[in-house]
Amino acid sequence: MGTWDIGPFDNDTAADFAGDLDESPKEERAALIRRVLQRAADQGEQLITPDAERAVAAAALVVAQHPDGEPVCSVYGPSEPLPELPVELRTLAVEALDQVIAELSEIAELWDEVPDGPKWRQGITHLRDVLDPPIPTIPPQEETLFDVEPVTDSPESRRPSSAAEPPDQSASSHNSR
């Protein structure tokens, strides 16, 4: 594995992918990124390392154009400008990243064997979270604001309230005398 660090372009395959993007006509670069992401996202069996490395690099480029994303800062990344990428590539990038860290991913298995594996996974998770932020969890409330009594389905609960009952006529006729 020609990998020297944990960044999206810190391996031979991703650096070659960046070169392929630079050599492609500008109008074909988005399609190349889409094909790389689609190939990884569609893996039903084991995702091989080169496909995963290209997918991580492609996803990083999609993240770089997201309002909450960070630019790709690597001397091994593309040096030619990319066109504005279609927004729908964000979903495809999430699907590809999910495959990259899935149980049947060769690259995830390889990274799990080295000390920097957790940092690599953290980087993948960060890319994914920019594209598909996790839903914030609300901490449990410590004290009760008010008591709620359970509603039962008994005959008494179905009976109209006393406010809806007609007033007793005998009492009113008795007081008017």
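Refer to the preceding data block for the structure.
Values in this document were obtained by computation on a predicted structure and should not be read as measured data. (Residues numbered from 1 in each chain as written. Predicted model: local features only at pLDDT ≥ 70, side-chain atom pairs only at ≥ 80, totals over all residues. Heavy atoms only, no water.)

Peer 1: How would you sum up helix α2 (residues 29-41)? Please name residues and give values.
Peer 2: Taking 1.5 Å per residue as the helical rise, α2 with its 13 residues ought to reach 18 Å, and the 18 Å between its terminal C-alpha atoms agrees with that figure. Of all the positions in α2, only Arg 29, Ala 30, Leu 32, Ile 33, Val 36, Leu 37, Ala 40 and Ala 41 are classed as buried. The inward-facing, buried residues of α2 abut α1 (12-23), α3 (49-64) and α4 (89-100). (Helix = DSSP H or I, 4+ residues; strand = E, 2+ residues; numbered from the N terminus. Expected span 1.5 Å × (residues − 1). Buried < 20%, exposed > 50% of the residue type's maximum accessible area, 1.4 Å probe, protein only. Contact = heavy atoms within 4.5 Å.)

Peer 1: Account for the packing of α1 against α3, naming residues and giving values.
Peer 2: Here α1 crosses α3 at 55 degrees, and the two axes come no closer than 8 Å. It follows from the interaxial angle that α1 and α3 lie oblique. Taken as a pair, α1 and α3 cross one another with a handedness that is right-handed. Here Thr 13, Ala 14, Phe 17 and Leu 21 of α1 lie close against α3, whose contacting residues are Pro 50, Glu 53, Arg 54, Ala 57, Ala 58 and Leu 61. Classifying every residue of the contact of α1 with α3 by side-chain character gives seven nonpolar, one polar and two charged. (Axes fitted to C-alpha atoms, helices over the stretch in contact; angles between N-to-C directions. Parallel < 35°, antiparallel > 145°, perpendicular 65-115°, else oblique. Left-handed = near helix turned anticlockwise from the far one by under 90°. Nonpolar A, V, L, I, M, F, W, Y, C, P; charged D, E, K, R; others polar.)

Peer 1: Can you lay out empty space enclosed by the protein for me, pointing to particular residues and giving the numbers?
Peer 2: Per the counting criterion, the structure on display carries one cavity of 30 Å³ or more. Considered as a void within the structure, the largest cavity measures approximately 80 Å³ in volume. Together, Thr 3, Asp 5, Ile 6, Gly 7, Pro 8, Asn 11, Glu 53, Val 56, Ile 107, Trp 111 and Trp 120 line the largest cavity. Elements with a minimum of two residues in the lining of the largest cavity: α3 and α5 (106-111). Across the lining of the largest cavity, the residue classes tally to six nonpolar, three polar and two charged. (1 Å grid on protein atoms, 1.4 Å probe; cavity = no way out; pocket = protein on both sides within 12 Å on 5 of 7 lines; lining within 4 Å. Points joined across faces, edges and corners; volume = space filled by probe spheres on them.)

Peer 1: Describe the layout of surface pockets, and please don't skip the residues or the numbers.
Peer 2: The computed volume of the largest pocket comes to approximately 350 Å³. In this structure, the largest pocket is lined by 19 residues; those nearest its centre are Gly 7, Pro 8, Ala 60, Glu 70 and Leu 127. For the lining of the largest pocket, the elements supplying multiple residues, two or more each, are α3 and α6 (117-131). Counting residues per element, the lining of the largest pocket draws most heavily on α6, which supplies six residues. Residue composition of the lining of the largest pocket, grouped by class: 12 nonpolar, four polar and three charged.

By themselves, these are just geometric observations and shouldn't be taken as functional.
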